[in-house]
Amino acid sequence: MADPLPPEPPASEVTPEKLYLRRRDFIRNVALFTGTAVGVGGGLYWLGARQAPPSDVLVPDAGEVPQPVAHGVGALDTDEPRTPYDVVTTYNNFYEFGLDKSDPARHAGTLRTRPWTVVVDGEVHEPRTWDIDALLAAFPLEERVYRMRCVEAWSMVIPWLGFPLARLLERARPTGAARYVAFTTLNDPEQMPGQRRGVLDWPYVEGLRLDEAQHPLTLLASGLYGKQLPPQNGAPLRLVVPWKYGFKGIKSIVRITLTREQPPTTWNLAAPREYGFYANVNPAVDHPRWSQAHERRLGEFRRRPTLPFNGYAEQVASLYQGMDLSRDF
Ligand code: MTE
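Not measured: the values here are computed from a predicted model. (Residues numbered from 1 in each chain as written. Predicted model: local features only at pLDDT ≥ 70, side-chain atom pairs only at ≥ 80, totals over all residues. Heavy atoms only, no water.)

### Here's the deal with the pattern of salt bridges
Pairing between side chains becomes possible if they bear opposite charge and their charged atoms approach one another. Tallied over the full model, the rule gives 19 salt bridges. Arg114 serves as the salt-bridge partner of Asp133, at 3.0 Å between the closest nitrogen and oxygen. Of this pair, Asp133 sits in helix α6 (residues 132–138) while Arg114 sits in the loop between α5 (103–107) and β1 (117–122), and the two are 19 residues apart along the sequence. You can call Asp133 partly exposed: its relative accessible area is 39%. (Salt bridge = Lys/Arg side-chain N within 4 Å of Asp/Glu carboxyl O. Helix = DSSP H or I, 4+ residues; strand = E, 2+ residues; numbered from the N terminus. Buried < 20%, exposed > 50% of the residue type's maximum accessible area, 1.4 Å probe, protein only.)

Here's what the structure looks like:
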């Protein structure tokens, strides 16, 4: 049967054209300074990921590869098959370490994740600079198995280890004026070679409305598959918002600021017509250059329909009552 769908968008489409041109430049430069032949079209990487990963990729030895831990499926967990650990940790988007899907696993080893501090400030009664280990000790970690849907139309199922962002916000005690939460990634071009290139405005920033940030599904994750997050997945702390496109899941967070106004977000700044502030997974609202109606679950051959709010509509649709989600995309 003929496939009625267009092929998966190539990297040249996924990245806005202006950026793509700079991206080609960037790839050339990355290739020059790493001596690595880097290609575009990371979508093919999955084929390679079934083979042994390159030796410089940060995955545990075969004997250490964590097996899915037996646990009761919680109310918020999906029981769909989990994407294998070596795929979750070798097929990444983390532009601070390069633009190809395989770059973060090769290059993020330069990231020093200790000591590390996370500032919580802005419209809160109790601003604080947290040492990462104190932060992780203060809030009990839970495992949550979530779908993750990238705006590029691929998806995974990942068992995260983290705690609800709501717990940290409670501790900070938002003022009555707080309406949004802004997140910032580390800004350190020494450690993050991609930041030496103007491919995006650095540091990477993201934001949520306060009620989205307080939603029980919204996690700050410090691990996956029962282990600490590898750097390429956003160590030591990243955001996970499973009903939104993956780019909302900002990595390697150093600052969380409560604000009165909607904060700027990196991909919206880069291409406002293509990436909105809300970025709720929505099969009915296409990206200007490709359909969002279907997605490719890594490891599966046929594309599957994309679910409204990535399958979390029951939990989150009420947050958007009265909004026009084709305008507030
Ligand atoms: N955070 C930072 N700081 N830099 C990035 O380039 N990429 C985003 C998001 N967080 C990104 C980021 C995108 S586009 C996606 S799809 C997810 O991280 C990918 O997360 P993963 O590599 O753990 O699958």
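Let us keep going from here.
### Description of the environment of Tyr95
Along the chain, the position of Tyr95 falls in the loop between α4 (85–88) and α5. Sequence separation between Tyr95 and Met192 is 97 residues, and the spatial gap between their C-alpha atoms is 8.9 Å.

### Here we look at empty space enclosed by the protein
Counting across every chain of the model gives two cavities of 30 Å³ or more. The leading source of residues in the lining of the largest cavity is strand β4 (residues 154–164), at four residues. Of the pockets and cavities examined, the second largest cavity occupies roughly 100 Å³. Lining the second largest cavity we find 15 residues, and of these Met148, Val240, Val241, Pro242 and Gly246 sit closest to its centre. Of all the secondary structure elements, the ones that give two or more residues to the lining of the second largest cavity are β3 (142–149) and β9 (238–240). When residues of the lining of the second largest cavity are assigned to their parent elements, the largest contribution, four residues, is made by β3. In terms of residue class, the lining of the second largest cavity is made up of eight nonpolar, two polar and five charged. (1 Å grid on protein atoms, 1.4 Å probe; cavity = no way out; pocket = protein on both sides within 12 Å on 5 of 7 lines; lining within 4 Å. Points joined across faces, edges and corners; volume = space filled by probe spheres on them. Nonpolar A, V, L, I, M, F, W, Y, C, P; charged D, E, K, R; others polar.)

### Brief notes about the site of the ligand
Residues in contact with the ligand amount to 16 residues; listed here are only the nearest, Asn92, Tyr95, Glu96, Gly249 and Lys251. The separation between an oxygen atom of the ligand and a polar main-chain atom of Tyr95 is 2.8 Å. Taking Glu96, its side chain carries an N or O atom lying 2.8 Å from a nitrogen atom of the ligand. Out of a free accessible area of 530 Å², the ligand has 98% covered by protein chains. A class-by-class count of the residues in the shell around the ligand yields seven nonpolar, six polar and three charged. (Near = heavy atom within 4 Å. Polar contact = N/O pair within 3.5 Å; in protein donor to acceptor, adjacent residues only side chain to side chain. Areas by Shrake-Rupley, 256 points an atom, 1.4 Å probe, with all protein chains shown as cover.)

### Considerations on the side chain of Asp77
Residue placement: Asp77 occurs in the loop between α3 (45–49) and α4. Of the side chains with opposite charge, Arg144 lies nearest to the buried Asp77, which makes no salt bridge, at 5.3 Å. A distance of 2.9 Å separates the side chain of Asp77 from the backbone nitrogen of Gly74, its partner in a polar contact. A polar contact of 2.8 Å, which involves the side chain of Asp77, links it to the backbone nitrogen of Val145. (Lys, Arg positive; Asp, Glu negative; His and termini not counted.)

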